[in-house]
Each structure stands twice: as structure tokens, then as C-alpha cells.
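Residues per chain, in single letters:
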Amino acid sequence: LKPDVLVDISGYFEKKWEAIRAYTSQFYNPEVQETNTYISTPEFLESLSGRHVIYGKYIGVTHAEGFTTSQYLGVKTLKDIL
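Not measured: the values here are computed from a predicted model.

Caption draft 1: Region of the structure containing the overall build of the chain. The secondary structure content of the chain amounts to two helices and two strands. What you see in the chain, going N to C, is helices and strands ordered as β-α-α-β. Scaling as 2.2 N^0.38, a compact globule of 82 residues should have a C-alpha radius of gyration of about 12 Å, whereas the chain reaches 16 Å, well beyond that. Here the C-alpha coordinates of the chain stretch approximately 55 × 25 × 20 Å along the principal axes. Here the chain, with 82 residues, has 21% of them falling under the buried criterion.

How each quantity is defined
Residues numbered from 1 in each chain as written. Predicted model: local features only at pLDDT ≥ 70, side-chain atom pairs only at ≥ 80, totals over all residues. Heavy atoms only, no water. Helix = DSSP H or I, 4+ residues; strand = E, 2+ residues; numbered from the N terminus. Rg over C-alpha atoms; globule rule 2.2 N^0.38 Å. Buried < 20%, exposed > 50% of the residue type's maximum accessible area, 1.4 Å probe, protein only.

All we've got here are geometric facts, nothing functional implied.
Laid out in C-alpha cells, this is it:
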């Protein structure tokens, strides 16, 4: 998916990563010998981290999160988006 909005998460990236790592049964864990799912492969977490870095580069920050919208986003002034 191509995001409609990119938000700077540089100051929160490590906290987000801690939260993801807290779900050890859902994501890659080399100590677990269960069937892999899409999100339980080591490549998934690498691609997720890389995506945050790439999105960050688009807006001139270290890490960014992409969001999509099914509706138009409205702002009162251009200052609201700067």
C-alpha cells in the first residue's frame, strides 16, 4: 500500500519496537519451533524496520509511519500541515 500520510515517529520508534518485541508468540522468535507465518519470519521485522527508515527519508526524519485514508483529510490552514 502507498501511504497517504507520513508521520514522524523518530522519537517513538524504540518504544514501538519494544512493544512489537513484547509479542514474542506473534513475531520471529528463534527459540520457537512452530510453523512460520508471514509475520513470524525474521525478514518481516527487517522489512518493517526498513520501511520506517525509507518513509522517514521521504520527509527528512529518521523514522516515519505511513497511514492510508479512505476519506479526504481536511485542514483549516496550510500551517496545520507544516
